[in-house]
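As a plain string of letters, each chain reads:
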Amino acid sequence: MKHWQELLDGCVRDVADLKDRLHLSDDEVEALQAIERSYPVCIPAYYLDLIDPEDRHDPIRKMCVPDAMEFSLGGSPDTSGEHDNTVVQGMQHKYRQTVMILSTNQCAMYCRHCFRKRLVGLSSAEVAAHLPEMAAYVSAHPEIDNVLISGGDAFLNSNEVIEEYLETFTSIPHIRFIRFGTRTPVTFPQRIFEDDGELTDLLARYGERKQIVVVTHFNHPREITDQSRQAVRELQRAGCVVRNQTVLLRGVNDDPDVLSSLLNTLVYIGVMPYYVFQCRPVEGVKNQFQVPLARGVAIVDEAKASMSGIAKAFRYAMSHPTGKIEILGPAGEGKLAFKYHQAKDPADNARLFVRDVAPDQCWLD
Ligand code: SF4
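Residues numbered from 1 in each chain as written. Predicted model: local features only at pLDDT ≥ 70, side-chain atom pairs only at ≥ 80, totals over all residues. Heavy atoms only, no water.

Participant: What should I look at first to understand the side chain of Arg179 in this one?
Facilitator: Assignment of secondary structure puts Arg179 in strand β5 (residues 177–181). One buried charged residue, Arg179, forms no salt bridge at all, with the nearest opposite charge on Asp145 at 6.9 Å. For Arg179, the side chain forms a polar contact with the side chain of Asn146, separated by 2.8 Å. Not counting the four nearest positions on each side in its chain, Arg179 is found in contact with Thr98, Asn146, Val147, Leu148, Ile149, Val213, Val215 and Tyr274. (Helix = DSSP H or I, 4+ residues; strand = E, 2+ residues; numbered from the N terminus. Buried < 20%, exposed > 50% of the residue type's maximum accessible area, 1.4 Å probe, protein only. Lys, Arg positive; Asp, Glu negative; His and termini not counted. Salt bridge = Lys/Arg side-chain N within 4 Å of Asp/Glu carboxyl O. Polar contact = N/O pair within 3.5 Å; in protein donor to acceptor, adjacent residues only side chain to side chain. Contact = heavy atoms within 4.5 Å.)

Participant: What's the story with the pattern of salt bridges in this structure? I'm lost.
Facilitator: Opposite charge on two side chains lets them pair, provided their charged atoms get close. Scanning all chains against the criterion turns up 19 salt bridges. Lys2 is the partner of Glu198 in a salt bridge, and the nearest nitrogen-oxygen pair spans 2.9 Å. One end of the pair, Glu198, is in helix α9 (residues 198–207); the other, Lys2, is in the segment before α1 (3–9), with 196 residues separating them in the sequence. Here Glu198 falls in the partly exposed class, since its relative accessible area comes to 32%. Glu326 serves as the salt-bridge partner of Arg315, at 2.9 Å between the closest nitrogen and oxygen. You can see Arg315 sitting in strand β9 (residues 315–320) and its partner Glu326 sitting in strand β10 (residues 323–330), a full eleven residues away along the chain. What you see here is one network of salt bridges that share partners, running through Glu82, Arg116, Arg118 and Glu126.

Participant: Could you clarify how one ought to interpret the side chain of Asn157 in this entry?
Facilitator: Its place among the elements puts Asn157 in the loop between β4 (146–150) and α6 (159–170). The exposure class assigned to Asn157 is buried, which follows from its relative accessible area of 8%. At 2.9 Å, the side chain of Asn157 and the side chain of Ser103 are in polar contact. The residues contacting Asn157, other than those within four sequence positions of it, are Trp4, Ser103, Thr104, Ile162 and Arg191.

Participant: Teacher, can you tell me more about the site of the ligand here?
Facilitator: Neighbouring the ligand are the residues Cys107, Met109, Tyr110, Cys111, Cys114, Val120, Gly152, Arg183 and His217. The residue inventory of the shell around the ligand, partitioned by class, reads six nonpolar, two polar and one charged. (Near = heavy atom within 4 Å. Nonpolar A, V, L, I, M, F, W, Y, C, P; charged D, E, K, R; others polar.)

Participant: Sorry, what's going on with the environment of Met1 here?
Facilitator: Position of Met1 relative to the elements: it lies in the segment before α1. Take Met1: its relative accessible area is 70%, and that puts it in the exposed class. A C-alpha to C-alpha distance of 27 Å links Met1 and Ala125, two positions 124 residues apart in sequence.

Participant: When you look at the environment of Ile310 in this model, what are you seeing that I'm missing?
Facilitator: Within the element layout of this structure, Ile310 appears in the loop between α13 (293–304) and β9. The sequence separation of Ile310 and Val267 amounts to 43 residues, and the corresponding C-alpha distance is 7.4 Å. Excluding its chain neighbours within four sequence positions, the residues that come into contact with Ile310 are Val267 and Met272.

Participant: Which parts of the structure should I look at to understand the packing of aromatic side chains?
Facilitator: Any aromatic ring pair is given by two values, namely how distant the centres are and how the planes are angled relative to each other. Taken as a whole, this structure holds six aromatic pairs when the rule is applied. Between the aromatic rings of Phe155 and Phe180, the centroid separation amounts to 5.4 Å while the plane-to-plane angle is 45°, which identifies the pairing as tilted. Here the residue Phe155 occupies a position in the loop between β4 and α6, and Phe180 occupies one in strand β5, the gap between them amounting to 25 residues. Each of the two residues, Phe155 as well as Phe180, counts as buried. Here Tyr340 and Phe353 contribute two aromatic rings whose centre-to-centre distance is 5.8 Å and whose plane-to-plane angle is 40°, an arrangement assigned as tilted. Residue Tyr340 is located in strand β11 (residues 335–343), and its partner Phe353 is located in strand β12 (residues 352–356); the two are separated by 13 residues in the primary sequence. On the accessibility criterion, Tyr340 (7% relative accessible area) is buried. In this structure Phe353 comes out as buried when scored by relative accessible area, which is 11%. (Phe/Tyr/Trp six-rings, centres within 6.5 Å; stacked < 30°, edge-to-face > 60°.)

Participant: What exactly am I supposed to notice about the sheet that holds β12 here?
Facilitator: Hydrogen bonds between backbone atoms are what pair the strands of a sheet, whose relative direction is either parallel or antiparallel. Judged by pairing direction, the sheet is mixed, and its twelve strands sit side by side in the order β1-β2-β3-β4-β5-β6-β7-β8-β9-β10-β11-β12 without closing on themselves. Every other strand in the sheet has two partners, leaving β1 (86–88) and β12 as the edge strands with one partner each. As paired elements, β4 and β5 share four bridges and run parallel to each other. Along β5, the bridge assignment pairs Asn146 with Phe177. Contacts from helix α11 (residues 256–268) reach β7 (241–248) and β8 (272–278) within the one sheet, and its direction differs from that of β7 by about 175°. (Pairing = 2+ DSSP bridges. Axes fitted to C-alpha atoms, helices over the stretch in contact; angles between N-to-C directions.)

Participant: Teacher, can you tell me more about unusual backbone geometry here?
Facilitator: Here the amide bond leading from Gly151 into Gly152 is cis, since omega sits at 20°, within 30 degrees of zero. Along the chain, Gly152 turns up in the loop between β4 and α6. A positive phi is found at His23, a non-glycine position, where the angle reads about 55°. Position of His23 among the secondary structure elements: in the loop between α1 and α2 (26–38). Residue classification places His23 among the partly exposed residues on the basis of a relative accessible area of 44%. Non-glycine residue Ala350 carries a positive phi angle of around 60°. With respect to the helices, strands and loops of the structure, Ala350 is situated in the loop between β11 and β12.

Participant: How should I be thinking about the domain arrangement of the protein chain in this particular structure?
Facilitator: Quite often, the size of an interface is put as the accessible area lost when its parts meet. The domains assigned to the protein chain are domain 1 (3–71) and domain 2 (83–356). Of note, the centres of domain 1 and domain 2, computed from C-alpha atoms alone, are 24 Å apart. Taken together, the 30 residues of domain 1 in the interface contact 39 residues of domain 2. Together domain 1 and domain 2 conceal approximately 2900 Å² of surface at their shared face, both sides included; 63% is due to carbon and sulfur atoms. When the buried surface of domain 1 facing domain 2 is broken down by residue, Trp4, Tyr46 and Met63 rank first, second and third, together holding 29% of it. Between Asp58 and Arg222 there is a salt bridge, with its nearest N and O atoms 2.8 Å apart. Among the elements of the structure, α1, α2, α3 (45–48) and α4 (59–64) are those that each provide at least two residues to the side of domain 1 that touches domain 2. Residue composition of the side of domain 1 that touches domain 2, by class: 22 nonpolar, three polar and five charged. (Domains from an automatic or database assignment. Buried area = accessible area lost by both parts, 1.4 Å probe.)

Spelled out as structure tokens, the structure:
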């Protein structure tokens, strides 16, 4: 067994193990155990050490420790229409040039705000099962120029599985780059640097054939540590481009100073921010984490005022069933302007529109 796999065995998977550390009462433990039966818990020791145990509202804690609000009503399990975009089990084709693969339902940590809460650590019914079938689909679609290997967390796959994906898709001539979606640099950086260099050697080797991009997911400046920086550096040394998607989360980063500190620091470590996403109205997530759209615009605009051009080259966007919609900003009293950044229907490409948006409205229906 690899050292990173042994470390993963040491994750906290039962909230009872947090009782003393986070000063939980017996009643609280019981209530949170009811939640973990529906939405599993997994917290690596590394990430647990980032929590301030004396602060009940600690943003790091909020992202990994369950909360009673996960059982509050509302929301949908699949807000982006992932089911409708599935072309082969585990493979979605929503945008012309990209396919996305749900390569696993496992993650090093089960983030409480995950938009795939319906499947992470739970059902593998939507997970990729047959690589040759996926390869045949991609080969038959020359308009596809990249494959996003996601999950769950793509780096929770073994190196053997990762190599199978790389071998398969870098061999298809019209595939020009491969993306991996992983939160391991943030939640479990040991996956990258406690692996005897096997994963990074693989990435370097296949990166000679096609560019490899690692898309990660830092949400708070305190997630940027010496270890996460080391993981990023090793990926970069292997020739990977590393980019970041942040989700705007209530109680975590819905503050201009926190957001600008996060995005500026990411640039300092060579990780380019490319989306700040509006949190989706996911069942078990929306009531706890969503920030109203109008407030989100104000936070993003204020944060940008203290950021360099590189740090603010991201888009504030929502991943909607109809496409990725950029949230541009105020457009008169009670109105916001939006623009399709990527559209499912080509007729919507680059379409600008203005909508009335109520002060507490968090999504577009
Ligand atoms: S690592 Fe990503 S896929 Fe896994 S629970 Fe967190 S947000 Fe969801």
